[in-house]
Amino acid sequence: MTPNYDAWSKEELIARLTDIEQRLKPIPSRKKPVSLSTPGGNPFHFDRHPRRKIAVKFCYSGWEYNGLAFQSDPTPLPTVEEVLFRAFAKARLVDPDAGLDGCGWERCGRTDVGVSAAGQVVSLWVRKPPRPPERELQYVSILNRILPPTIRVLAWSPVSPSFSARFNCKHRHYKYFFTTHGLDLSLMQGAADYLVGEHDFRNLSKLDPAKQITDFCRRILSAQVNPVEPSPDLCGITKRTGHDDQLYVLDLVGSAFLYHQVRHIMAVLFLVGTGLEPPSIILTLMNTDGSESTKTGLQLPIVDRKPEYQMADALPLMLWDCAFSGSDVHWQSDGDTGSLGTEKHSGTGLVRQIHSVYQRSLIHSALEGHFLSAAVRYHPVPPQYFPFSRTGLSVGTIPRLPNNSLPIIGVPLGGGTCRRGVKYVPLLSRKRLDHVDVANARWKNGKGSRLENRKALTSTAEAIGDE
């Protein structure tokens, strides 16, 4: 029960606040100061300059960062937003002391640790010159000169004051890359087809009780398994070593996504591709209240609680594009007011930079492929049990080892990772997590209640300090 602080004396409130501060950390702020001054040492006054609102499209290598979103608490690696905001601040485009809230910072789609993006978008208010310049500020060049090579600004657009990178987005396009090793692509596509439309994805995502979400219905516009060209197996080494590692991608387009939704979907598609689960498992997991049975006419069990399973690896996931109406954004690059096709031929252009990185990645692929080729000269290739549709096996007919023990099978999780074990338990036979209503209520009455108390104490203390 929350105490009635209105009846407390000033001394009692201060004593209570002191006690809370000793036992709990203070509430974090989204502000992280960046010290800036003019060349002469005088402070730069942002309030003396007019502002404009823009949208910025950029890409980043997710494995280099602790996710996209700004974090007030220390993180093992910097976040993308922290590095990008500091670049804006260093260029004196935003007020560092005002933080992200001070410039109206909004992101289109949040990506977590290890996840990359090629078309992420943020909108914000930036400083503009007091007088109209002869040409637009070169936002792309200005920011890229400050940013590390793992974050590149691609384009920018002037936007209306009411524009929101999050709420004006028409759809988001994610890509998840994977190899065909041990997978039946036709089964995976058959399962992916069930995703299209509006469904309840609570069993194909991770619940974050802090958000108190109760509506898990999201609309998927397209779900296609497509080949990636060119294939990374440039020398055909993996085929010669008994592997079929052609590169494919799941192209998933939707209006909005839940927390870790794409990685959970991919984990289940991998189970389908190996033959461990039927394609209809997607329908069954979305049948949280019987609505999928009604729509399809199939007799499906109701799964109102999520079975325990591990989501797919983060490395192969990319936010490919965030789509907006043509009337909302007009993407442009430096010195280009009409199209995005111009690129400087100085050798330092953005395309040349990224192409250099791509060339090195191809060399790395070739080197790793030759390491594999060298290894199979002296070591046997492991037996291939998946996909069952090709090997003719099933969970119960996987042959035992010469010592009569069960072999360890690796269930793919993407990015060259797998979950190893000797026994596979079907998804619908696994332990179920708590119902979302139970998990939400537990957080609200526990941690959520404590956070509200801390906020109330802080607000009261600030009011006392203003007296």
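Refer to the preceding data block for the structure.
What follows is about helix 2 (residues 80-90). Of all 11 residues making up helix 2, nine are buried, and the element is well covered by its neighbours. Its buried side turned inward, helix 2 meets strand 1 (51-60), helix 3 (99-102), strand 2 (106-107), strand 3 (116-127), helix 4 (139-146) and strand 4 (151-158). Note on helix 2: the residue one or two positions beyond its end, Arg92, has a positive phi of about 60°.

Counting 94 residues, the largest nonpolar core has Phe58, Phe88, Leu124 and Leu195 as the members making the most contacts within it. Broken down by element, this core gets its largest block of residues, nine residues, from helix 7 (residues 261-274). For Phe88, the contacting residues outside a window of four places in its chain are Val56, Leu93, Val94, Trp105, Leu124, Val126 and Leu143.

Time to look at the packing of aromatic side chains. Counted by the stated rule, this structure contains nine aromatic pairs. Ring centres of Tyr174 and Phe257 lie 5.0 Å apart, and the angle between their planes is 80°; this geometry places the pair in the edge-to-face category. Residue Tyr174 is found in strand 5 (residues 171-179), and its partner Phe257 is found in the loop between strand 8 (247-254) and helix 7; the two are separated by 83 residues along the sequence. Of the two residues, Tyr174 and Phe257, both sit in the buried class. Where Tyr176 meets Phe270, the ring centres are 6.2 Å apart and the plane angle is 70°; that geometry is what we call edge-to-face. You can see Tyr176 sitting in strand 5 and its partner Phe270 sitting in helix 7, a full 94 residues away along the chain. Judged by relative accessible area, Phe270 falls into the buried class, the value being 1%. Above the face of the Trp320 ring, Lys175 is positioned so that its terminal group lies 5.4 Å from the ring centre.

The step from Phe386 to Pro387 runs through a cis peptide bond, and the omega angle for that step is -5°. Positionally, Pro387 belongs in the loop between helix 10 (350-375) and helix 11 (388-391). Of note, Arg92 is a non-glycine position whose phi angle comes to about 60°, a positive value. Mapped onto the elements, Arg92 comes out in the loop between helix 2 and helix 3. Judged by relative accessible area, which is 22%, Arg92 ranks as partly exposed.

Attention now moves to helix 7. With 14 residues, helix 7 ought to run about 20 Å at 1.5 Å a step, and its terminal C-alpha atoms sit 20 Å apart, in line with that. Of all 14 residues making up helix 7, 14 are buried, and the element is well covered by its neighbours. Gly275 sits one or two residues past helix 7 and shows a positive phi near 100°.

The rules behind each value
- Residues numbered from 1 in each chain as written.
- Predicted model: local features only at pLDDT ≥ 70, side-chain atom pairs only at ≥ 80, totals over all residues.
- Heavy atoms only, no water.
- Buried < 20%, exposed > 50% of the residue type's maximum accessible area, 1.4 Å probe, protein only.
- Helix = DSSP H or I, 4+ residues; strand = E, 2+ residues; numbered from the N terminus.
- Contact = heavy atoms within 4.5 Å.
- Core = buried A, V, L, I, M, F, W, Y, C linked by side-chain atoms within 4.5 Å.
- Phe/Tyr/Trp six-rings, centres within 6.5 Å; stacked < 30°, edge-to-face > 60°.
- Lys NZ or Arg CZ within 6 Å of the ring centre and 35° of its normal.
- Expected span 1.5 Å × (residues − 1).

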